[in-house]
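Summary of the model geometry
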Amino acid sequence: MEPAKIIEHSGGVIGVSWLLIALPLLGAAFLLLGGRKTDKFGHLLGVATAVASFVVGVLVFLQLLGFDPAERRRAVPLYDFIPGLTKMGLLVDPLSISFVLLITGVGSLIHIYSIGYMAHDPNRRRFFAYLNLFVAAMLLLVLADNYIGLYVGWEGVGLASYLLIGFWQHKPSAATAAKKAFIVNRVGDFGLAIAIFTIFTAFNTVSFAGVMESGADPSQGTLTAIGLLLLLGACGKSAQLPLQSWLLDAMEGPTPVSALIHAATMVTAGVYLVTRSGAMFFPEGSTAAIAVTIVGVATLLAGAIIGTAKDDIKKALAGSTMSQIGYMMLAAGIGPAGYAFAIAHLITHGFFKADMFLGAGSVMHGMNDEVDMRKYGGLRKVMPITFATFLVGYLAIIGFPLLSGYFTKDGIIESAMEYSSTLGWLAVLGAGITGFYMSRLVFMTFFGKKRWEADAHPHESPAVMTWPLIILSVGSIFLGGFLIVGNRFMTFLGPAVGQPEHLPSFHPFSVPGLVTLALVAAGAALAWFKYGAAEVPVTAPRGSFLTTFARRDLYGDALNEALFMRPGQWLTRLAVFFDNRGIDGLVNGIAAGIGGTSGRLRRVQTGFVRSYALSIFIGAAILVGAWFVVGNL
Amino acid sequence: MNGTIPAPTIEYALLAPMLVVFGAAIIGVLVEAFAPRYLRSAIHKPLTLLTLAGAFVITIWQARTGIPTTPSAMGAVAVDGPALFIWGTILVLAFVSVLLINDEGHFVASAAAVPGSAEEERALTEGATHTEVYPLVLFAVGGMLLFPAANDLLAMFVALEVMSLPLYLLCGLARRRRLLSQEAAVKYFLLGAFSSAFFLYGTALLYGYAGSVDLAKINTALGSVGGQDTLLYIGVAMLGVGLLFKIGAAPFQAWKPDVYQGSPTPITALMASGTLVAAFGALLRVFWVALGGLEWSWTPIMWGVAILTMVVGAILAITQTDIKRMLAYSSIAHGGFLLIGVVALGNNQQQNASALSALLFYLVAYGFTTVGAFAVVTTVRDAGGEAWHLSRWAGLGKRRPLVAVVFSLFLLAFAGIPLTSGFFGKYAVFQAAVAAGATPLVVVGVVSSAIAAFFYVRVIVLMFFSDPAADGPSVVIPGGTWAVGAVAVLATVVLGVFPQPVLDLAHTAAQSLFVR
Amino acid sequence: MTTHYLVLSALLFVIGGVGVLVRRNAIVVFMCVELMLNACNLAFVTFARQNGNLDGQVIAFFVMIVAAAEVVIGLAIIVTIFRTRRSASVDDVNLLKY
Amino acid sequence: MHYWLSTLIGVPVVGAIGVAAVKNELRAKQATLGISLLVLALAVAMAVQFSPNGDKFQFTETYDWVPSFGVHFGLGVDGIALVLILLSVVLVPIVVLASWHEAEGGKRSARTYFALLLVLEAMMIGVFAATDVFLFYVFFEAMLIPMYFMIGSYGGAQRSYAAVKFLLYSLFGGLLMLVAVIALYTIADKGSFMFSDLVGSIQDAGTQKWLFLGFFIAFAIKAPLWPFHTWLPDAAAQAPAGAAVLLVGVLDKVGTYGMLRFCLELFPAAADYFTPLVLVLSVVGIVYGAIVAIGQTDMKRLIAYTSISHFGFITLGVFAITVNGASGATLYMVNHGFSTGALFLIAGFLIHRRGSQYISDYGGVQKVAPILAGTFLVAGLSGLALPGLNSFVSEFMVLIGSYETQPVYAIIATSGVVLAAIYILWMYQRTMNGPTADSVREMKDLNGREKWVLAPLIAVIIALGFFPKPLLDVINPAVKDSISQVQHVQEASKASVAQEGQ
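Since the structure is predicted, the reported quantities are computational estimates derived from the model, not experimental observations.

Thresholds, definitions, all that
Residues numbered from 1 in each chain as written. Chains lettered and ligands numbered in written order. Predicted model: local features only at pLDDT ≥ 70, side-chain atom pairs only at ≥ 80, totals over all residues. Heavy atoms only, no water. Helix = DSSP H or I, 4+ residues; strand = E, 2+ residues; numbered from the N terminus. Areas by Shrake-Rupley, 256 points an atom, 1.4 Å probe, with all protein chains shown as cover. Lys, Arg positive; Asp, Glu negative; His and termini not counted. Charge placed at Lys NZ, Arg CZ, Asp CG, Glu CD. Rg over C-alpha atoms; globule rule 2.2 N^0.38 Å. Buried < 20%, exposed > 50% of the residue type's maximum accessible area, 1.4 Å probe, protein only. Contact = heavy atoms within 4.5 Å. UniProt positions renumbered as here; feature names shortened; annotations may be inferred. Buried area = accessible area lost by both parts, 1.4 Å probe. Salt bridge = Lys/Arg side-chain N within 4 Å of Asp/Glu carboxyl O. Polar contact = N/O pair within 3.5 Å; in protein donor to acceptor, adjacent residues only side chain to side chain. Nonpolar A, V, L, I, M, F, W, Y, C, P; charged D, E, K, R; others polar. Phe/Tyr/Trp six-rings, centres within 6.5 Å; stacked < 30°, edge-to-face > 60°. Lys NZ or Arg CZ within 6 Å of the ring centre and 35° of its normal. Axes fitted to C-alpha atoms, helices over the stretch in contact; angles between N-to-C directions. Parallel < 35°, antiparallel > 145°, perpendicular 65-115°, else oblique. Left-handed = near helix turned anticlockwise from the far one by under 90°. Expected span 1.5 Å × (residues − 1). Pairing = 2+ DSSP bridges. Domains from an automatic or database assignment.

Before going further, it helps to spend a moment on the overall build of chain A. Looking only at helices and strands, one finds 24 helices and three strands in chain A. Dimensions along the principal axes, computed over C-alpha positions, put chain A at roughly 115 × 65 × 55 Å. Here chain A displays about 22000 Å² of accessible surface, and carbon together with sulfur accounts for 69% of that area. Of the charged side chains in chain A, 42 are positive and 35 negative, and the gap between their average positions amounts to 11 Å.

With that out of the way, let us pick up the overall build of chain D. If you tally the helices and strands in chain D, you get 21 helices and two strands. The globule rule puts the C-alpha radius of gyration for 502 residues at 23 Å, and the 22 Å found for chain D is close to it. In terms of its C-alpha atoms, chain D occupies a principal-axis envelope of roughly 75 × 50 × 40 Å. Expressed as a percentage of the 502 residues in chain D, the buried residues total 68%. Here the analysis covers contacts within chain D between residues at least 6 apart in sequence; of these, 82% occur between residues at least 24 apart. Of the accessible surface of chain D, which amounts to about 14300 Å², a share of 63% is contributed by carbon and sulfur atoms. With 27 positive and 29 negative side-chain charges, chain D shows a separation of 12 Å between the mean positions of the two kinds.

Moving on: the side chain of Asn335(D). Residue and element names in this part refer to chain D. Checked against the element boundaries, Asn-335 lands in helix α15 (residues 323-354). Under the relative-accessibility criterion, Asn-335 is labelled buried at 1%. Those residues in contact with Asn-335 that sit more than four places away from it in its chain are Asn-390, Ser-391, Ser-394 and Leu-464.

Quick look at the UniProt feature "domain: NADH:quinone oxidoreductase/Mrp antiporter transmembrane" (unreviewed entry) in chain D now. Mapped onto the present numbering, the UniProt feature "domain: NADH:quinone oxidoreductase/Mrp antiporter transmembrane" (unreviewed entry) falls at residues 130-417 of chain D. A helix fraction of 80% and a strand fraction of 0% characterise residues 130-417 of chain D, whose end C-alpha atoms lie 35 Å from each other.

For the rest of this paragraph, the subject is the interface of chain A and chain D. Interface size is commonly expressed as the accessible surface area that is lost when the partners come together. On the side of chain D, 57 residues touch chain A, which itself brings 44 residues to the contact. Of the roughly 4300 Å² buried between chain A and chain D on both sides combined, carbon and sulfur atoms contribute 71%. If you sort the residues of chain A by the area they bury against chain D, Gln169(A), Arg186(A) and Phe197(A) come out on top, with a joint share of 15%. Summed over the shared surface of chain A and chain D, the number is two salt bridges. Here Lys165(D) ties to Asp584(A) by a salt bridge, and the two come within 2.5 Å at their closest N and O atoms. Elements with a minimum of two residues in the side of chain A that touches chain D: β2 (74-82), α6 (147-165), α7 (172-203) and α23 (556-601) of chain A. For the side of chain A that touches chain D, the leading source of residues is α7(A), giving 16 residues.

Now for the interface of chain B and chain A. Facing 38 residues of chain B, the contacting portion of chain A comprises 25 residues. On the surface where chain B and chain A come into contact, there are zero salt bridges. Connecting chain B to chain A are five residue pairs in polar contact (both at pLDDT 80 or more). Taken together, the elements giving at least two residues each to the side of chain B that touches chain A come down to α7 (178-210), α9 (229-247), α10 (255-262), α12 (295-318) and α13 (323-343) of chain B. Of the residues assigned to the side of chain B that touches chain A, the class counts are 28 nonpolar, six polar and four charged.

A few words now on the packing of aromatic side chains. The final tally for this structure, using the stated rule, is 91 aromatic pairs over all chains. Summarising the aromatic geometry, the rings of Tyr168(B) and Tyr188(B) are spaced 5.0 Å apart at their centres and angled 90° between planes, so their arrangement reads as edge-to-face. In this pair, Tyr168(B) sits in helix α6 (residues 153-171) while Tyr188(B) sits in helix α7, placing the two residues 20 residues apart along the sequence. No difference in accessibility class separates Tyr168(B) from Tyr188(B), as the two residues are buried. Cation over ring: Arg261(D) sits above Phe195(D), and NZ or CZ is 5.7 Å from the ring centre.

Residue and element names in this part refer to chain D. Remark: helix α14 (residues 299-319) packs on helix α19 (residues 407-432), axes separated minimally by 11 Å, with the N-to-C direction vectors making an angle of 160°. For the element pair α14 / α19, the angle class is roughly antiparallel. Considering how the two elements wind past one another, α14 and α19 form a crossing that is left-handed. Between α14 and α19, the residues in contact are Met-299, Leu-302, Ile-303, Thr-306, Ser-309, His-310, Phe-313 and Leu-316 and Tyr-409, Ala-413, Gly-416, Tyr-423, Met-427, Arg-430 and Thr-431, respectively.

Residues and elements named next belong to chain D. Here helix α17 (residues 370-383) contains 14 residues, and its C-alpha end-to-end distance of 19 Å stays within 8% of the 20 Å for a straight helix at 1.5 Å per residue. Burial of α17 is extensive: ten of the 14 residues sit out of reach of the surface. Listed as buried for α17 are Leu-372, Ala-373, Thr-375, Phe-376, Leu-377, Ala-379, Gly-380, Leu-381, Ser-382 and Gly-383. Once α17 ends, the next one or two residues include Ala-385, with phi positive near 60°.

This brings us to the pairing of strand β3 (residues 86-92) of chain A. It is a general feature of regular strands that their side chains alternate between the two faces of the sheet. For β3(A), a buried count of six out of seven residues is recorded, marking the element as mostly surrounded by other parts of the structure. Here β2(A) folds back onto β3(A), and the loop between the two strands holds three residues, one of which, Gly84(A), carries a positive phi near 90°.

A few words now on α9(B). An ideal rise of 1.5 Å per residue puts 27 Å on 19 residues; α9(B) measures up with 26 Å between its terminal C-alpha atoms. With 16 of 19 residues buried, α9(B) is to be regarded as a mostly interior element.

With that out of the way, let us pick up the sheet that holds strand β2 (residues 385-386) of chain B. Residue and element names in this part refer to chain B. Here we have three strands laid out as an open sheet, ordered β2-β1-β3, and antiparallel in their pairing. Unpaired on one side and paired on the other, β2 and β3 (474-475) mark the two borders of the sheet. Strand direction decides the pairing type here: strand β1 (residues 380-382) and β3, joined by two bridges, are antiparallel. Note on β3: the bridge partner recorded for Val-380 is Val-475.

Looking now at the sheet that holds β3(A). In space, the three strands of this open sheet follow the order β1-β2-β3 (chain A), with mixed pairing throughout. Looking at strand neighbours, the two that pair on one side only are β1 (7-8) and β3 of chain A, the edges of this open sheet.

Our next topic: the environment of Ala355(B). Residue and element names in this part refer to chain B. Relative to the helices and strands, Ala-355 resides in helix α14 (residues 349-379). Residues Ala-355 and Thr-9, 346 residues apart in the sequence, show an inter-C-alpha distance of 33 Å. In this structure, Ala-355 is in contact with Gly-341, Ala-344, Leu-345 and Ala-432, ignoring residues within four places of it in sequence.

Time to look at the pairing of strand β1 (residues 58-66) of chain D. Residues and elements named next belong to chain D. One ladder, built from six bridges, connects β1 with strand β2 (residues 71-77); its direction is antiparallel. Looking at the pairing, Val-66 lines up with Val-71 of β2. Between β1 and β2, which pair antiparallel one after the other, the connecting turn spans four residues, and Gly-70 there sits at a positive phi close to 70°.

Assigned domains of chain A: these are domain 1 (284-542) and domain 2 (573-631). Using C-alpha coordinates to define each centre, domain 1 of chain A is positioned 79 Å away from domain 2 of chain A.

So, about the pattern of salt bridges. For the coordinates displayed, the defined rule picks out 35 salt bridges over all chains. In this structure, the salt-bridge partner of Asp311(A) is Arg374(A), at a minimum N-O distance of 2.8 Å. Residue Asp311(A) is located in the loop between α13 (287-309) and α14 (313-334), and its partner Arg374(A) is located in the loop between α15 (336-366) and α16 (384-398); the two are separated by 63 residues in the primary sequence. Asp311(A) sits in the buried class, given a relative accessible area of 13%. The partner of Arg392(B) in a salt bridge is Asp382(B), and the shortest N-O contact between them spans 2.8 Å. One end of the pair, Arg392(B), is in the loop between β2 and α15 (396-399); the other, Asp382(B), is in strand β1, and ten residues separate them in sequence. Because the salt bridges share partners, they merge into one network encompassing Glu183(B), Lys187(B), Asp258(B), Arg325(B) and Arg85(C).

Take a look at the structure:
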């Protein structure tokens, strides 16, 4: 089934859906421009705008549900953005509203959590301003009805991510990580930008509706090129190979940021992009779509491997995020059969990963911002709520039966199997590794003996931080089943992204499903033996070559450094040298040459009257000679 | 053959400006001879100024009553449109230069006294002055008037000498740095005499070729005489040497820096403006009236000379440290730019008129600016006279902003920056040359302009962007110099913003072309 | 027939010119210039003969007078500088250069 | 007959004379600010009367100036000129305010500085408003002089070297252009320098090429296009911040404006012929400027090199010969004026506080001066064309426009987007982030005057980022008109190729 037609809409809540973006944007502007005067209530205002946006989102959702499924794609024109190029408008459809609810919902929870987490930071107001800015940009990203609008949001979230990763900019590592995230994202944006150029050149429009309905029939090559370029953009934003390297460093940001941006929402923008463009540029079985699945699988394995070796709790979770997004990409590459699973997994992942990140934040909050899991241990007793919610998230991610992750991930694996058994089994393998590294994380943190630093006094976090955890863990438990069972989500999403002819049926005991469960269990057991039952050394053992390989992010940074940074620095020095000595040297050289000529030539003016007379004499002779020459021509 | 010689007819009215100047010069000599010493200065100053002003008024009157189309004085002098224009220009420039000369302190107390001797000391304490300067200047100006108007080569030779001989003397009369001044005089004299010998020999050969020294007849002969090309070529070349020497075109430019540097600055101003104008007038007349038929052969040579002159002038000026010497090289470069205009002369009537008017405009513009520049040079003084070394000018913009701004204006005009007279001058000449198909020459011209701009700009840098020295030079602006500066500024700005009236004038003058 | 006179005139001119270049004494240099002027005179007179008119001969008179005037000026200048420097060598006057 | 444009030029000229005559420095400054605001008000009043789809040139005034040369004092604006004039008149009061304490301490005359500023403003307006090629040239050259004095008298340690280099380089280009101007006049043989008379007067392609080169080199030096750029870092680094803003923000736009107006419209065939060359220079400039910028240690030099990169985008847009490209380029000229202007001004504030231009002398400024750092970041992000800020719209339009006809160049140019992130963010990190350096620990945040300087710039940067339509509506028709000439040539040559093929 093809995606439904887009209908222009005005009136109702959908007609003012721009409020979704405007509210947090105004919040950000007010907090940034208001300065210190707004310090007192800044965080509350930040939360209020996010929640208000969520309320609007719910109302929009409800109005949308009121329409016939085939009429649920509503375009809301706003204004003429770049005359001759594009108008700005919003597209409210099942896909975008799913994101809206995730972003504003999880976003609101994280806002609330941050009140507690950032309570002692002198710049809390600014933090909330940035969070609001992020929410606005992310909503623009998913709501824009055209690629340029999407691009604006796309880079906008990049900016917010930059600001938030570098929020503690006085730490050089944070500043560097922020810059790195932005630059690597820009590499992806380079692809996205060129994709948009190509789209405009081929279709003479950049709006989704325009592209879908345009009569233009560009060549297959063009379409593939657009697809691959979009994929490059998606890789940047979603930390997929080969543009994954920024995500682990991005953990320098405050933990709510990691939860909101680098787990639940922004990093999934690549999945959104692929899904949104799916019908147009990633048709089933096309080169571009295949590339998407390969990238997805490669990343899900790479992320999982990295996750196994990290001792930094946030980095381990970041590796996990990479890996989970790899699943989503894989699903998104499969086509209509995978879209619903991709987005559903995205949503459930948003819940359980945010849950775990916030949980990790809660742990750090109680442990003097210690992130090394080797210095945790046995925390389940001192932080019961954190532990409980974290455990829910953990079970959800490893796919413990009947929890959210179980349904969505299994859906992905099933559809991948159907699509290509190789990819499917690789995905199963990834699930097994997930079982290992997530268990390792949980055991090292909450079980075993205390390995705390002397001055650590772990305690449970305040209610403002634990309540969001509780709400998120509830979502982590039930959301998956709600969405998947009965193909509820697939039929909802269908009008927006298309759906397969035959809706899949859910087999709780399929072969791959059982194998997955077995592998996960094995992984968890291995983790128990190594990290639960055994003593965990406080300093990391050297480990094998493989461990080092994983610890060093599969040498991704080393590769970047060898391939881009070193040659880049060398090129920069060369260019500066060339500019100073070569081009400017030439300019100055000409000037110096003329000056030198002058200095030498003026010596001819000897001051002797006889030599002057000689010059006249010779001049006369030359003149006579010249006249004869010219005269006899 | 009864041996009667018919009395020549002389159109005294037409020659009046010249005659007035010469008459006044003779009166000046008589004043020197008979008037008591203390009165001389008081007589000379008004006399000279009134003479020049009067001659100018007569010139204007003549121009308004109608420009004659035939030569006067039995064909010896052609008072035609260009000549009248040039006369007017020279007279105004001379007037301005005399204002500069009037101010005390430029001339030696007693030229005969050995520098540093007791004799000189006495002359100084007595307050003696060389009032001979005034008749000498008038003679020189008279020569300048005759030079471009001379319609035969003999008259031209005589005019050349009448113009040059007083200048040789004037060059040696500087009050300060007398050794340099005397050296300038010797050099100028020897080389000038040397070059006029070439001029004369060229005249002789052309006389031999054409049977006449009348310019028009020489031109006629070009078409009719055959087989005498050797005489013609050598003659023309040698004539050219004499003329190019006077305008300071390369390779005959060597005297210019030395003489400009050594001479008393007011005299340099007179030479740099009046002599240049007169010499260009004569050059144009010779090449246009007498050698117009030979245009195809002198144009390429003129190209070469023009290029060489521009390049040498511009490049050598860069490393100069003496302000007057730098201006001398600048004058050489400008001579080169003017030669571009000469090249633009052709056989097409319309084109000739525009090239000629361009040259005339350029001469006016350049003349005023250069007088103004030298006037400023006289005002910046050290204990030992003018502050000649460029480094002494550092920070002048801070100490005396007005003087520095005025000087900068002149320098920018030299550089040809828009909204100054120099720009329109250059533009006019370049435009004429492009119209005549001499675009490559114009390209060389603009490249030279760019090089030349460097040393003008360098002086501005010194004046404004460098910090003043603790013992910087003092600035003394006597009344006459002040007036000169004002006139030059006015001319530079007005010609740069509203050039049309003068262009019209030059155009009218050029429309009639030189009388053939 | 007149060719010989012309050749002589040319020779005189060149001798004068070379004299200017090689002699150091200012007076001698100046005399060489006079020699060149006289060479011109000879040429004028010769050409007058050749062309059959009197212009050349008349010009010669003009030239003589101009030359005389030049002598007056020239000697005045040379004498002053001799008095100053006690030398009439043109090579000694080279303060102004470059 | 209206007198809008001559009034716009006349007011600052008269004002400059007045300011120079005022003895009291404070009065002089206030007067300058008042005059520049008056000019701004007048310009805005004029702009609202502009009708985008009306005549090509509006508010025209034509007087004979030098009839012998066919020169007119001809003024008039189309959309392109109008937005650039608006840019100029908006920037001048800002610069006046920013330069309030320039030349204080009595060493140099502040009155002169402000008088020069007003003279420069008049010339900037004149150069964009000139409809007579000769008049354009006059303004083109004459505007060098006030800028020369501003750099040379009020600049940094190397100021005289920089000023001379700037002047001579520009003068050289200008003189080459003069030859072309003369030749244009002569060959066209219309007896007039009016732009409207000269358009289409040169038909011969060979002649067009030579004339094109004459104009183009002058504009390429002015713009500055690689490899004629080396004067800019010196000039911009040495100029006082206010002068640097006008130099890079407006003066250099004359070059790109000239390309669009004169090179394309007067010599369409040559423009078509030279397009590949110009495109190569543009993309080299984009990448090269960015890479060299990354390697700079001096803040102002860095900003200057980023401008070289940005000028590459502008010329790329102009010579893409598409409406989007050229409109984007025109909008880019305006946007770049604002964003680089802001960068220079903020860098100037920083340098004024710390007394060093070297990036390494800073660090952690954000902690002590957050507002300063924030504005710097916004300006910087505008410099790297972040969506939502003004430069994005123009850069995207340029790229999309050039991609339509020149995909390869557009792709290479797009890599500049990545490089821009590197040079801006790295500079920001080194100056603003990290532990606070001892030398900046006492640094004050922006004061009231400085906030007033930056507020309008930041507001414009953001407003144009979301709502560029008012400018684009004015620019688009004018640009269409400008490039249509070249498009005709391209179509004709395509048609002839097609014919040969048959």
